[in-house]
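Chains, contacts and geometry: an overview
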Amino acid sequence: MIRDFGIVWSERSLLLSGLANTAILSTVSAVVALLLGFMVTPALMSKQPVVSGIARVFVDGMRCVPFLLFAYIIYYGLPSLGLRLDNWTSGLAALTIYNAAYMAEILRGAWVVQPREPIEAGIAFGFSGLRLFRSIILPPLLLSAGPVIGNQMIQIIKDSAFLTIIALPELTHAASSIQSRHYIPFAAFITAVFLYWGLCLVIEAGVSSIGRVAEARR
Amino acid sequence: MNGSDIAAIFQGAIVTITLSLVGILIGLPIGLGLALIRWANVPVAARIVTLYVSMLRATPLVTLLLLLFFALPNIGIPMNPISAAILGLVMSTSAFNCEVWRSALMNFPKDQYEAAQSVGMRAGQRFRRIVLPQIVRVSLPGLVNEMSLLIKVTPVLAVVGVVDITRAAVRIGAQTYEPLPPFLVAIALYVPIVYALVSLQRWIERRQTAAEALA
């Protein structure tokens, strides 16, 4: 058993590059999904029934389709429409678009419970447009949505593991190749599990420090 | 894509639904049991459950499945795709259910429990008659949400060789060189199931807020 972990240690560069790929994949798609979410949320709450209807169909549609099926559609399905993407691009696109829907729904939930008064005060002080959004609306919105966004980031990390099935060299894929090379399933996969756990603990620590900032600002 | 291909996808649907139901039905009581261990603060066991839940919540189902499927036979536990799938689903869903049950238990009003004690109910009776009916109601939206999440991770079971809706659709796409039609059939199967669960969750939440507003 100890010897098995020795083999995993000797393959650490493979495992670490998998970990780095998982981290890059999750971070990039979380950030872009959050930005896209900010664009979809106003559409969800739009008074134009056509706009809010389209946004609703997108968000509810994503929430009803399994992530892996969506990734397959992008990877295997789009080429028959003439759009061929490699596994990195399609994995990243799938992860980002899919989670943008969830982020939009999270932001909408946080938005509707925000008090109106600070915004009206901001308008009275002459803030408008982007500046109103950036300095008055955004900070409390992010602080109150912080924990749920953190949960979603953990979900993104876990979803990124599914991309091992389209041969993206992320953490689970690295563990799989170590296991098939040396036949040490327990040591290889339990190490991956601990690394995932570590990533999620980092996010949870980040979320609770955001929570402390939010508490201090009240 | 012909009739037998569609039949193959429906066969996959039976696998997806059966495995999801088995996972949900076993995962619910185990989650409740884990939550009770933490709630009652059983020495040592409560800490182990805390670690188990924290770790399982962070572990992707693919990784867990590969671990179970390849490592358990090494220590003499035979594994086939179906048993690995059920074990993986139960382990991961019970960790999430535990959190839902636990938050309901922690918010349970203590005075009711003490009132039950004062009229002479025994521990088992108190739990069955006073605590359980109320925490079931509070936990229901969270548990239904977890059920829809569970159905959405079932395509991953393909990694140990289970042929579910998604796997069947991928196979047909590879045979016919037309991947989109089978994927559309797959979507048509998933969307009503998951949408029904999501709507059920929203309906329960609305009814409960309405009931609270009346009270």
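Quick note: structure is the one above.
A brief structural summary. Just so it is clear, the model here is predicted, and its values are computed rather than measured. (Residues numbered from 1 in each chain as written. Chains lettered and ligands numbered in written order. Predicted model: local features only at pLDDT ≥ 70, side-chain atom pairs only at ≥ 80, totals over all residues.)

Moving on to the packing of helix H7 (residues 165-176) of chain B against helix H8 (residues 180-214) of chain B. Residues and elements named next belong to chain B. Two numbers describe how H7 lies on H8: the axes approach to 8 Å, and their chain directions differ by 165 degrees. With respect to each other, H7 and H8 are oriented roughly antiparallel. H7 and H8 meet at a crossing whose hand is right-handed. Contacts between H7 and H8 involve Ile165, Thr166, Ala169, Ile172 and Gly173 from the former and Pro182, Phe183, Val185, Ala186, Leu189 and Tyr190 from the latter. (Axes fitted to C-alpha atoms, helices over the stretch in contact; angles between N-to-C directions. Helix = DSSP H or I, 4+ residues; strand = E, 2+ residues; numbered from the N terminus. Parallel < 35°, antiparallel > 145°, perpendicular 65-115°, else oblique. Left-handed = near helix turned anticlockwise from the far one by under 90°. Contact = placed C-beta atoms within 7 Å.)

The next thing to look at is the interface of chain A and chain B. The extent of an interface is frequently quoted as the accessible surface area lost upon association of the parts. On the chain B side, the residues contacting the 31 residues of chain A number 29 residues. Contributing elements (two or more residues each) for the side of chain A that touches chain B: helix H3 (49-64), helix H4 (67-77), helix H7 (129-162), helix H8 (171-182) and helix H9 (185-217) of chain A. The greatest single-element share of the side of chain A that touches chain B, amounting to nine residues, is contributed by H9(A). By residue class, the composition of the side of chain A that touches chain B is 23 nonpolar, six polar and two charged. (Nonpolar A, V, L, I, M, F, W, Y, C, P; charged D, E, K, R; others polar.)

Residue and element names in this part refer to chain B. Tracing the chain through its elements places valine 131 in helix H6 (residues 123-153). Valine 131 gets classed as partly exposed once you count the C-beta atoms within 10 Å, which come to 18. Measuring from C-alpha to C-alpha, the distance between valine 131 and threonine 166 comes to 40 Å, with 35 residues separating the pair along the chain. Excluding residues that lie within four positions of it along the chain, valine 131 makes contacts with Phe108, Tyr113 and Arg126. (Buried ≥ 20, exposed ≤ 12 C-beta atoms within 10 Å, placed from the backbone.)

Attention shifts here to unusual backbone geometry. Even without being a glycine, Tyr183(A) presents a positive backbone phi close to 50 degrees. With respect to the helices, strands and loops of the structure, Tyr183(A) is situated in the loop between H8 and H9. Positive phi values are uncommon outside glycine, yet Val44(B) reaches one of about 60 degrees. By secondary structure assignment, the location of Val44(B) is in the loop between helix H1 (3-39) and helix H2 (45-58). Residue class for Val44(B) comes out exposed when judged on the 7 C-beta atoms lying within 10 Å of it.

Turning our eyes to something else, we now look at the packing of H4(A) against helix H5 (residues 87-112) of chain A. The geometry of a pair of packed helices is captured by two quantities: the angle between their axes and the separation between those axes. Residue and element names in this part refer to chain A. Interhelical geometry of H4 versus H5 gives an angle of 135 degrees and a closest axis separation of 9 Å. In terms of axis orientation, H4 runs oblique to H5. Handedness of the H4/H5 crossing: right-handed. Of the residues in H5, those in contact with Phe67, Phe70, Ala71, Ile74 and Tyr75 of H4 are Asn87, Ser90, Gly91, Ala93, Ala94 and Tyr98. For the contact of H4 with H5, the class distribution of residues is eight nonpolar, three polar and no charged.

For H7(A), spanning 34 residues, the distance from its first C-alpha to its last is only 40 Å, which falls clearly below the expected 50 Å at 1.5 Å a residue. Where H7(A) is buried, its residues touch helix H2 (12-44), H4, H5, H8 and H9 of chain A together with helix H3 (61-71) of chain B. (Expected span 1.5 Å × (residues − 1).)

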